[in-house]
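Coordinate analysis (summary)
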Amino acid sequence: YDIMPSLVGSEMCIRDRLKPMYLGIDLGTSSVKAVVVDDEGLVQDEASAPLHVQRPGVGMSEQHPNDWWVAVEDAVSQLEGWSRGVRAIGLSGQMHGATLTNKDGQPLRNAILWNDVRADKECAELEKRVDVKGITGNVAMAGFTAPKLAWVRSHEREIFAATTKVLLPKDFVRFCMTGFFATEMSDASGTLWLDVNKRRWSEEMLEATDMTSSHMPELFEGSDVTAVLSAEVAERWNMNRVPVVGGAGDQAAGAVGAGAVDEGKALVSIGTSGVIFVPDREHLPNPARGVHAFCHALPDRWHRMAVTLSAAGALTWVARITKAESEAALIDEIEASDARAGRVYFLPYLSGERTPHNDASATGTFVGLSHATDRAELGYAVLEGVAFALRDCQQALTEAGASPESMDVLGGGAQSVYWGKLIADALATPLTYRRDAQFGPALGAARLAILGNTGRAVSSVCSPPPFDYTIQPDPAKVDLMTERYETFRALYRDLKERFASLR
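Residues numbered from 1 in each chain as written. Predicted model: local features only at pLDDT ≥ 70, side-chain atom pairs only at ≥ 80, totals over all residues. Heavy atoms only, no water.

**Some thoughts on the side chain of Arg-484**
Spelled out, the test is: Strands here are runs of E lasting at least two residues and helices are runs of H or I lasting at least four, both read from the DSSP assignment and numbered beginning at the N terminus. Throughout, a residue-residue contact means that at least one pair of heavy atoms, one from each residue, lies within 4.5 Å.
Mapped onto the secondary structure, Arg-484 falls in helix α18 (residues 475–502). Not counting chain neighbours up to four residues away, the residues in contact with Arg-484 comprise Ala-341, Gly-342, Val-344, Tyr-345, Glu-384 and Phe-388.

Next up, the structure:
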């Protein structure tokens, strides 16, 4: 008799796993994350696989595309119990990465990543050659894709000549899954080859880097079906040949997962980079302040975002060089030591900076060290420095007319309440935490798969996840943080002219 409940439970479990499910895959910089959600968009299971960045030179950041595919297969294999129920797949990924392939989709070199700044000079040349801001609504930045191809054209001529397709990271994964070259509007916006307002490739921008539309994958909206899973991959993943939708760049996908698809919403994402994201119903560029104005992942929607290149990435860095057990352990140590604002400041420009400086030469900098400085104080300075960089982002968006009264929080850094309090105080803005926030882009990719497979209304799929809690700024600390923020800004101004000689 004791066996009966377990048998019933087992049958129920099998039945649940055969219900309609949707797979979201997010190709991040440090890992691949995959989630399975049900018809209501609730996460049923998740898996991840690590990735590692190669740094072949100063300011350089690369990964081999085949490593992405290995990590994707690893993450998906961990979800095998759900595979037969999957009805559609959505993709999300790190933006801007230049993945150069031949006609067969085979990589010709390592992909050059979003936080690689080697193409700084090419940006200036591109701006002289063509009206980048007028066509795209964005300023040329070293992290974007088009300047990277200009760099390859100048430094690796044989590879440039052999390049047949240029793919973004998630779209290389799509090719491995389907054998089809495709991308979508949100990720394509970050290449500088897209006319963002008209949502189509710009022949003028392509010509400026000696590319043509034939080098580009076909364009789709994020909820459009682009292809179906190949027979070989479907068999290996124990799935049917299900549709694969366009998906989105990581920030737009995170916004879909958080329900930020219409005006009035705002997000702060604390991943490897830090982002403040505001959806719009029209294209509202502000290139002068380094604000990105891109297509959203859904038709007839755009967004603005301000970006600091090193957020959780800076925490990972300081944890590594101080030999902390982990990032979480370092935050626990900071909190236990009662570290607080003091003499030490940190400029988190480990990969240069985008908003508001657009300065590829800027470097990470500690100021105010003494013999008494310990690991906890260094760690605190890093957390605070990232919070101040996010305030720079907030200020740039405010100047562009976006002043949200609160923000939802996404990303791995969202798991630290301690850091959340620092950021809330620095921004003088309440931060709202919602269930499954840590799944961000993968959840959004799965929601786009639901839309593409079912045709349901956006409002029925892309609502904000259930409320968890809110961190209110501490009035007693906001004034202190504002005072320290002014010093943080002054330090950048003081050092700006020196940075170029330090690279």
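**Topic: a negative patch on the surface**
Inclusion rule: Exposure above 30% relative accessible area and the lack of any salt bridge qualify a residue for a patch; like charges then connect within 9 Å, and the nonpolar side chains Val, Leu, Ile, Met, Phe, Trp and Tyr within 5 Å. Throughout, the Shrake-Rupley method with a 1.4 Å probe supplies accessible areas, and for residues the shown protein chains are the sole cover considered. Salt-bridge detection follows one rule: a side-chain nitrogen of Lys or Arg within 4 Å of a carboxyl oxygen of Asp or Glu. Charge convention: Lys and Arg are scored as positive, Asp and Glu as negative, and His as well as the terminal groups of each chain are ignored. A single reference atom marks each charge: NZ on Lys, CZ on Arg, CG on Asp, CD on Glu. Three exposure classes are used, based on accessible area relative to the maximum for each residue type with a 1.4 Å probe and protein chains only: buried under 20%, partly exposed in between, and exposed over 50%.
Together, Asp-131, Glu-203, Glu-204 and Glu-207 give the surface a local cluster of negative charge. Relative to the helices and strands, Glu-204 resides in helix α9 (residues 203–208). Judged by its relative accessible area of 47%, Glu-204 is partly exposed.

**Remarks on the sheet that holds strand β18 (residues 292–295)**
Consider a sheet: its strands pair through backbone hydrogen bonds, and that pairing is either parallel or antiparallel. The test is simple: When DSSP finds two or more bridges between two strands, those strands count as paired. Lines fitted to the C-alpha atoms define the axes, with helices restricted to the stretch that makes contact. Angles between their N-to-C directions range from 0 to 180 degrees.
The sheet built from seven strands is open, its strands ordered β18-β19-β17-β16-β22-β23-β24 with mixed pairing. Taken across any chain shown, the strands that pair with only one partner, and hence form the sheet edges, are β18 and β24 (467–471). Taken over all neighbouring pairs, the strand axes of this sheet differ in orientation by 30° on average, direction set aside. Lying over the sheet, helix α15 (residues 417–427) contacts β16 (267–270), β22 (407–410), β23 (431–434) and β24, oriented at roughly 55° with respect to β24.

**So, the packing of helix α14 (residues 375–399) against α15**
Here is the rule we go by: Should an angle fall under 35 degrees it is taken as roughly parallel, and over 145 as roughly antiparallel, whereas 65 to 115 is taken as roughly perpendicular and any remaining angle as oblique. If you view the pair so one helix is near and one far, a crossing is left-handed when the near helix is turned anticlockwise from the far one by less than a right angle, and right-handed when it is turned clockwise. The nonpolar class holds Ala, Val, Leu, Ile, Met, Phe, Trp, Tyr, Cys and Pro. Asp, Glu, Lys and Arg form the charged class, and all remaining residues, Gly among them, are polar.
Between α14 and α15, the least distance of the axes is 9 Å, while the angle of their chain directions is 40°. Considering the angle they form, α14 stands oblique to α15. Relative to α15, the crossing made by α14 is right-handed. Contact residues: α14 offers Tyr-380, Leu-383, Glu-384, Val-386, Ala-387, Phe-388, Leu-390, Arg-391 and Gln-394, while α15 offers Tyr-418, Trp-419, Leu-422, Ile-423, Ala-426 and Leu-427. Residues that form the contact of α14 with α15 fall into these classes: twelve nonpolar, one polar and two charged.

**A word on the environment of Val-291**
Mapped onto the elements, Val-291 comes out in the loop between β17 (274–280) and β18. For Val-291, a relative accessible area of 2% corresponds to the buried category. Taking the C-alpha atoms as reference, Val-291 lies 33 Å from Ala-75; in sequence the two are 216 residues apart. Once you skip the residues sitting within four places of it in the chain, Val-291 turns out to touch Asn-138, Asn-286, Arg-304, Met-305, Thr-355, Ala-396 and Leu-397.

**Points about the packing of aromatic side chains**
Where we set the bar: Aromatic contacts are taken between Phe, Tyr and Trp rings whose centres are within 6.5 Å, Trp giving its six-membered ring; a plane angle under 30 degrees counts as stacked, one over 60 as edge-to-face, and the others as tilted.
Following the criterion strictly, the structure yields 15 aromatic pairs and no others. An angle of 70° between the planes, with centres 6.2 Å apart, marks the rings of Trp-68 and Phe-172 as edge-to-face. With Trp-68 in helix α2 (residues 65–77) and Phe-172 in helix α7 (residues 169–178), this pair connects stretches of sequence that are 104 residues apart. Given the relative accessible area of 0%, Trp-68 is considered buried.

**A look at helix α12 (residues 312–321)**
To be explicit about the condition: It is the directions from the helix axis to the C-beta atoms that the arc portrays.
Regarding α12, the residues found buried are Ala-312, Ala-314, Leu-315, Val-318 and Ala-319. Mapping the buried residues of α12 onto a view down its axis gives an arc of 155°, with all of them on the same face. Tucked into the core, α12 has its buried residues touching β16, α13 (327–337), β20 (345–347), β21 (365–367), α14 and α15. After α12 finishes, the residue Lys-323 shows a positive phi value of roughly 60°.

**Concerning the environment of Val-242**
Note that Val-242 resides in the loop between α10 (231–237) and β14 (243–245). Sequence-wise, Val-242 and Arg-87 are 155 residues apart; in three dimensions their C-alpha atoms are separated by 5.8 Å. Not counting chain neighbours up to four residues away, the residues in contact with Val-242 comprise Val-86, Arg-87, Ala-88, Ile-89, Ala-227, Val-228 and Leu-229.

**Remarks on empty space enclosed by the protein**
The criterion, for reference: Every definition here rests on a 1 Å grid over the protein atoms only: cavities are sets of points where a 1.4 Å probe fits but cannot get out, pockets are open sets enclosed by protein on both sides within 12 Å along at least five of seven lines, and lining residues have some atom within 4 Å of a point. Grid points are joined across faces, edges and corners, and a volume is the space filled by probe spheres set on the points.
Tallied over the full model, the rule gives three cavities of 30 Å³ or more. The volume enclosed by the largest cavity comes to roughly 70 Å³. In this structure, the largest cavity is lined by Gly-257, Ala-258, Asp-408, Val-409, Leu-410, Arg-434, Arg-435, Asp-436, Ala-437, Gly-440, Leu-443 and Pro-465. Those elements giving two or more residues to the lining of the largest cavity turn out to be α11 (250–258), β22 and α16 (440–454). When residues in the lining of the largest cavity are grouped by element, the largest group, three residues, is from β22. Each residue belonging to the lining of the largest cavity can be placed in one class, and the counts come to six nonpolar, two polar and four charged. Lining the second largest cavity, in full, are Thr-145, Val-166, Leu-167, Leu-168, Thr-183, Thr-191, Trp-193, Trp-201, Met-216 and Pro-217. In terms of residue class, the lining of the second largest cavity is built from seven nonpolar, three polar and no charged.

**A short note on the side chain of Ser-189**
The line we're drawing: Identification of polar contacts relies on pairs of N or O atoms within 3.5 Å, with a donor-acceptor requirement for protein atoms, meaning one able to donate a hydrogen and the other able to accept it, and with residues adjacent in sequence counted only if both atoms are side-chain atoms.
With respect to the element layout, Ser-189 can be found in helix α8 (residues 185–189). Given a relative accessible area of 1%, Ser-189 falls into the buried group. Within polar-contact distance, the side chain of Ser-189 engages the backbone oxygen of Met-185 at 2.7 Å. Leaving out residues up to four positions away in the same chain, Ser-189 has contacts with Leu-194, Val-196, Phe-294 and Cys-295.

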